[in-house]
Amino acid sequence: MSIKIHKHPCFSDTGHKIYARMHLPVAPACNIQCNYCHRDYDCVNESRPGVTSEILTPGQSLDKFLKVKEKVQNLSVIGFAGPGDALANFDKVKKTIELISGADPEVLFCLSTNGLMLPHYAEEIVNSGITHVTITINAIDRVIGGKIYEYINYRGKVYTGEEAAEILIKNQLQGLKYLAERDIICKVNIVAIKDINEGHIEEIAKKVKALGAFKTNIMQLIPAPNTKFENVEMLSNKRLNEIRKKCSGYISQMYHCRQCRADAIGLLHRDRSVEFRGGCSSRVSRKTSREDIYVFAVATSDGKIIDQHFGQVEEFFIYKFANNKIELIDKRKVPRYCTGKEDCEDKKDYIISIADTLKDCAAVLSMRIGSEPKAKLKNAGFKVFEIYDTVQNGIIRSSEAFAEIPAVCEA
Ligand code: CLF
Ligand code: SF4
């Protein structure tokens, strides 16, 4: 296997257990409007909605890279994954690459894009030192694409609906072919949208393979609030895996995507960005006092950061929050809700067992949780929070939902 593939945690099936990546959020602008995207959030094509990121300048990116490199082992890839589109901000991306490659000639550069500007920048990408590119291609048919994209802003002119989709698709496919022919390792992300492109994904997989893509990453749509698709039902994991399985007949599949943040750092399954975050979000604290006592079940691997998906937790840390003090009072083993590629559904017994183990807890805090278990836990009387922060901040922020008193930012 090519070392460039092995050392990339997203492109390799095994490298993600060893190699870390660091995303640099230098690209705030976007040049298209996907119907599932709200601009207050990160680019949904490569990450998940609901998390805003700091924006860095190229110089700040270099400083942060140097700090992270000291502390994160096997940091092999620098990725550009939003919060907007990397090619709508390509000058900043290029400058960042120039600065970081000067400091570390070994690190690989990975760029994620909606592909609109690929025909214009593909040659520069090839010459810039970027080795890996991800293009999100949700349709190769203008009618289907017209349902997914509201508009594109292409070279100063706005196009809408099917006309927009046609230009975007043409540029994506042309760019993919150009890059793949020049040994850039290309992955295609496909956001699977129920009843819209769900039945079209196999066709996309065949096409992008023919153009030289190395693998596809078929991702769950995570509907963002205040978007046209906010009420679109998510595909079940079972259905998603059926589609992936069919597509694996044409092209290699990625199964370990974490739909991570635009400022993610570390191994894919163990994000450490909170350790390196600036701003006030990591320093939120309550200055009010209260006498209430709450017990929280927290999905954390180390008692420091809420870094676990609910479905993968085997042990919850249990905290008591009283009089503004947080105390670890227990650790409780639970059956793992999601044990493989196919079987995260229909786990009524598991939820009953987990709910019983956590019965004294008012709330469950995890980095992510699927819609099914979330609804079941809520039905069982728990408050459920998706939160990525330190355990301490997560508990304080979640406790707002009980007390309805705003937290105070110390910055
Ligand atoms: Fe980042 Fe994306 Fe490069 Fe990976 S992420 S820019 S290809 S270095 Fe990876 Fe994260 Fe999934 Fe992306 S797990 S969201 S596929
Ligand atoms: Fe949003 Fe990304 Fe689509 Fe741009 S490409 S509209 S940032 S999801």
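Structure: above.
Values in this document were obtained by computation on a predicted structure and should not be read as measured data.

The buried fraction of strand E8 (residues 185-192) is high, at 8 of 8 residues. Burial of E8 is two-sided: the residues Ile185, Lys187, Asn189 and Val191 facing one way and the residues Cys186, Val188, Ile190 and Ala192 facing the other way are all buried. Bridging between strand E5 (residues 130-136) and E8 involves 5 bridges; their strand directions are parallel. Counterpart to threonine 134 in the pairing with E8 is lysine 187.

The next point concerns the sheet that holds strand E18 (residues 383-386). Across the sheet, 5 strands lie side by side as E16-E15-E14-E17-E18; this open sheet has mixed pairing. At either end of the open sheet lies a strand with only one pairing partner, and these are strand E16 (325-333) and E18. When the angles between neighbouring strand axes are averaged without regard to direction, this sheet yields 25°. Taken together, the 4 bridges between strand E17 (residues 363-366) and E18 define a ladder with parallel strand orientation. Within the sheet, the bridge partner assigned to alanine 363 lies in E18 and is lysine 383.

Moving on: the packing of helix H2 (residues 58-71) against helix H3 (residues 90-103). For the pair H2 and H3, the least separation of the axes is 9 Å and the interaxial angle reads 35°. Considering how the two elements wind past one another, H2 and H3 form a crossing that is right-handed. Contact residues: H2 offers Pro58, Gly59, Ser61, Leu62, Phe65 and Leu66, while H3 offers Lys92, Lys95, Thr96, Leu99, Ile100 and Ala103. Considered class by class, the residues forming the contact of H2 with H3 number 7 nonpolar, 3 polar and 2 charged.

Next up on the list: the packing of H3 against helix H4 (residues 118-128). Across the interface, H3 lies against H4 with an axial gap of 11 Å and an inter-helix angle of 10°. With respect to each other, H3 and H4 are oriented roughly parallel. For the pair formed by H3 and H4, the contact residues are Phe90, Lys94 and Ile97 on the first element and Tyr121, Glu124, Ile125 and Ser128 on the second. Tallied by class, residues from the contact of H3 with H4 come to 4 nonpolar, 1 polar and 2 charged.

The final tally for this structure, using the stated rule, is 5 aromatic pairs. Each ring, one from tyrosine 294 and one from phenylalanine 296, has its centre 6.5 Å from the other, and the planes form 70°; the classification is edge-to-face. An identical accessibility class is assigned to tyrosine 294 and phenylalanine 296; each is buried. Arranged with centres 6.1 Å apart and planes meeting at 45°, the rings of phenylalanine 310 and phenylalanine 316 form a pair that is tilted. A cation sits over an aromatic face here: arginine 182 above tyrosine 178, 3.5 Å from the ring centre.

What follows covers the environment of glycine 212. Here glycine 212 shows up in the loop between helix H7 (201-210) and strand E9 (215-220). Taking the C-alpha atoms as reference, glycine 212 lies 9.3 Å from lysine 187; in sequence the two are 25 residues apart.

Before going further, it helps to examine helix H8 (residues 237-247). In an α-helix, one turn spans 3.6 residues; hence positions three or four apart end up facing the same way. Among all positions of H8, only Leu240, Asn241, Ile243, Arg244 and Cys247 are buried. One side of H8 holds all its buried residues, which, seen down the axis, span an arc of 155°. Along H8, the residues that are exposed and aim more than 90 degrees away from the buried face are Lys245 and Lys246. Of the surrounding secondary structure, the elements contacted by the buried residues of H8 are E8, H7, E9 and strand E10 (252-253).

Here we come to the side chain of glutamine 259. Among the secondary structure elements, glutamine 259 is positioned in the loop between E10 and strand E11 (265-267). For glutamine 259, the side chain forms a polar contact with the main-chain oxygen of glutamine 220, separated by 2.9 Å.

Our focus in this paragraph is the nonpolar core. One finds Tyr36, Ile78, Phe80 and Ile152 to be the most contacted residues of the largest nonpolar core, which totals 73 residues. With 8 residues, helix H6 (residues 161-181) is the largest single contributor of residues to this core. In contact with isoleucine 78, other than residues within four places in its own chain, are Met22, Leu24, Phe65, Ile100, Val107, Leu108, Phe109 and Cys110.

Secondary-structure assignment places asparagine 189 in strand E8. Classification of asparagine 189 as buried rests on a relative accessible area of 0%. Of the polar contacts made by the side chain of asparagine 189, one reaches the side chain of lysine 187; its length is 2.9 Å.

Take the pattern of salt bridges next. Within this structure, the stated rule accounts for 21 salt bridges. With a closest N to O distance of 3.7 Å, arginine 336 and glutamate 314 form a salt bridge. Within this pair, whereas arginine 336 is found in the loop between E16 and helix H9 (348-357), its partner glutamate 314 is found in the loop between strand E14 (293-298) and strand E15 (315-322), the two being separated by 22 residues in sequence. Residue arginine 336 is classed as partly exposed on the basis of its relative accessible area of 30%. Two residues, lysine 374 and glutamate 386, come together in a salt bridge whose shortest N-O distance is 3.1 Å. Of the two residues, lysine 374 is situated in helix H10 (residues 371-379) and glutamate 386 in strand E18; the sequence distance between them amounts to 12 residues. Look at glutamate 386 and you get partly exposed, because its relative accessible area is 35%. Residues joined by salt bridges that share partners form a network here, namely Asp91, Lys94 and Glu124.

Thresholds applied
- Residues numbered from 1 in each chain as written.
- Chains lettered and ligands numbered in written order.
- Predicted model: local features only at pLDDT ≥ 70, side-chain atom pairs only at ≥ 80, totals over all residues.
- Heavy atoms only, no water.
- Buried < 20%, exposed > 50% of the residue type's maximum accessible area, 1.4 Å probe, protein only.
- Helix = DSSP H or I, 4+ residues; strand = E, 2+ residues; numbered from the N terminus.
- Pairing = 2+ DSSP bridges.
- Axes fitted to C-alpha atoms, helices over the stretch in contact; angles between N-to-C directions.
- Left-handed = near helix turned anticlockwise from the far one by under 90°.
- Contact = heavy atoms within 4.5 Å.
- Nonpolar A, V, L, I, M, F, W, Y, C, P; charged D, E, K, R; others polar.
- Parallel < 35°, antiparallel > 145°, perpendicular 65-115°, else oblique.
- Phe/Tyr/Trp six-rings, centres within 6.5 Å; stacked < 30°, edge-to-face > 60°.
- Lys NZ or Arg CZ within 6 Å of the ring centre and 35° of its normal.
- Arc of directions from axis to C-beta.
- Polar contact = N/O pair within 3.5 Å; in protein donor to acceptor, adjacent residues only side chain to side chain.
- Core = buried A, V, L, I, M, F, W, Y, C linked by side-chain atoms within 4.5 Å.
- Salt bridge = Lys/Arg side-chain N within 4 Å of Asp/Glu carboxyl O.

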